[in-house]
Amino acid sequence: MTDRDPGSEAIAPEDERRLAAELFNTVWTLLDSPDRAPHDDDRMLHAAHASRYHWGQVGDPVNLARGEWQCSRVYAVLGRAEPALHHARRTLELCERHGIGDFDLAFAYEALARGHAVAGDRDACLANLELARSAAGAVVDPEDRRAVMDDLASIRPPS
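Figured I'd write up the structure that's included with this text. Source: prediction; values computed, not measured. (Residues numbered from 1 in each chain as written. Predicted model: local features only at pLDDT ≥ 70, side-chain atom pairs only at ≥ 80, totals over all residues. Heavy atoms only, no water.)

What follows deals with unusual backbone geometry. Here aspartate 102, not a glycine, exhibits a phi torsion of approximately 55 degrees, which is positive. Its location among the elements puts aspartate 102 in helix α5 (residues 102-119). The exposure class assigned to aspartate 102 is partly exposed, which follows from its relative accessible area of 32%. (Helix = DSSP H or I, 4+ residues; strand = E, 2+ residues; numbered from the N terminus. Buried < 20%, exposed > 50% of the residue type's maximum accessible area, 1.4 Å probe, protein only.)

Below, the structure is given as structure tokens:
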């Protein structure tokens, strides 16, 4: 399943995959930057959407879900609740539709919890934190489970 644009074959699939991955990694570099400037925020946002677009051309459903998750994270970091929640919902929808579980399902709920925290919705934040913790319990790889739990610990439910 891709979002392939009809007739869009200007980029070879292997180049498109490389580009999608490089843009995804660029977003992480910017997210982790302690002195990110406003123009870096713009680059980060555009890179997240560009990565998701390119995964839509050549990726599997799990790539699409991870791309939606990354868009949600970027919007949450930027304090923009509505698009953070939109992309978090898309992440969960893709996980459910394609039977994607484990790490990705736990992070879908993490994204929803984080988006609701940004929106100021304590009850929805707490409910999704609980769903994320439950899903994290089913994550097979201990390092992946720890990554989910560390991310969950960084979410501050609103008062």
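Still more ground to cover, so stick around.
Now for the packing of α5 against helix α7 (residues 142-153). The geometry of α5 relative to α7 is characterised by a closest axis approach of 10 Å and an angle of 5 degrees between their N-to-C directions. Here α5 is positioned roughly parallel relative to α7, judged by the angle of their axes. Contact residues: Phe103, Ala106, Phe107, Glu110 and Arg114 in α5; Asp144, Ala147, Val148, Asp151 and Leu152 in α7. (Axes fitted to C-alpha atoms, helices over the stretch in contact; angles between N-to-C directions. Parallel < 35°, antiparallel > 145°, perpendicular 65-115°, else oblique. Contact = heavy atoms within 4.5 Å.)

This part is about the side chain of glutamate 110. Structurally, the position occupied by glutamate 110 is in helix α5. A distance of 2.6 Å separates the side chain of glutamate 110 from the side chain of arginine 114, its partner in a polar contact. Glutamate 110 has contacts with Trp69, Arg73, Ala132, Asp151, Leu152 and Ile155, leaving out every residue within four places of it along the chain. (Polar contact = N/O pair within 3.5 Å; in protein donor to acceptor, adjacent residues only side chain to side chain.)

This brings us to the layout of surface pockets. Roughly 190 Å³ of volume is contained in the largest pocket. Lining the largest pocket, in full, are Phe24, Trp28, Ala65, Arg66, Trp69, Thr91, Phe103, Asp104, Phe107, Ala147 and Asp151. Partitioning the lining of the largest pocket into residue classes produces 7 nonpolar, 1 polar and 3 charged. (1 Å grid on protein atoms, 1.4 Å probe; cavity = no way out; pocket = protein on both sides within 12 Å on 5 of 7 lines; lining within 4 Å. Points joined across faces, edges and corners; volume = space filled by probe spheres on them. Nonpolar A, V, L, I, M, F, W, Y, C, P; charged D, E, K, R; others polar.)

Across all of its chains, the model carries 3 aromatic pairs by this definition. Ring centres of tryptophan 69 and phenylalanine 107 lie 5.4 Å apart, and the angle between their planes is 75 degrees; on these two criteria the pair is classed as edge-to-face. In this pair, tryptophan 69 is assigned in helix α3 (residues 61-77) and phenylalanine 107 in helix α5, connecting sequence segments 38 residues apart. One aromatic cluster in this structure is built from Trp28, Trp69, Phe103 and Phe107. (Phe/Tyr/Trp six-rings, centres within 6.5 Å; stacked < 30°, edge-to-face > 60°.)

So yeah, pure geometry; function would need other evidence.
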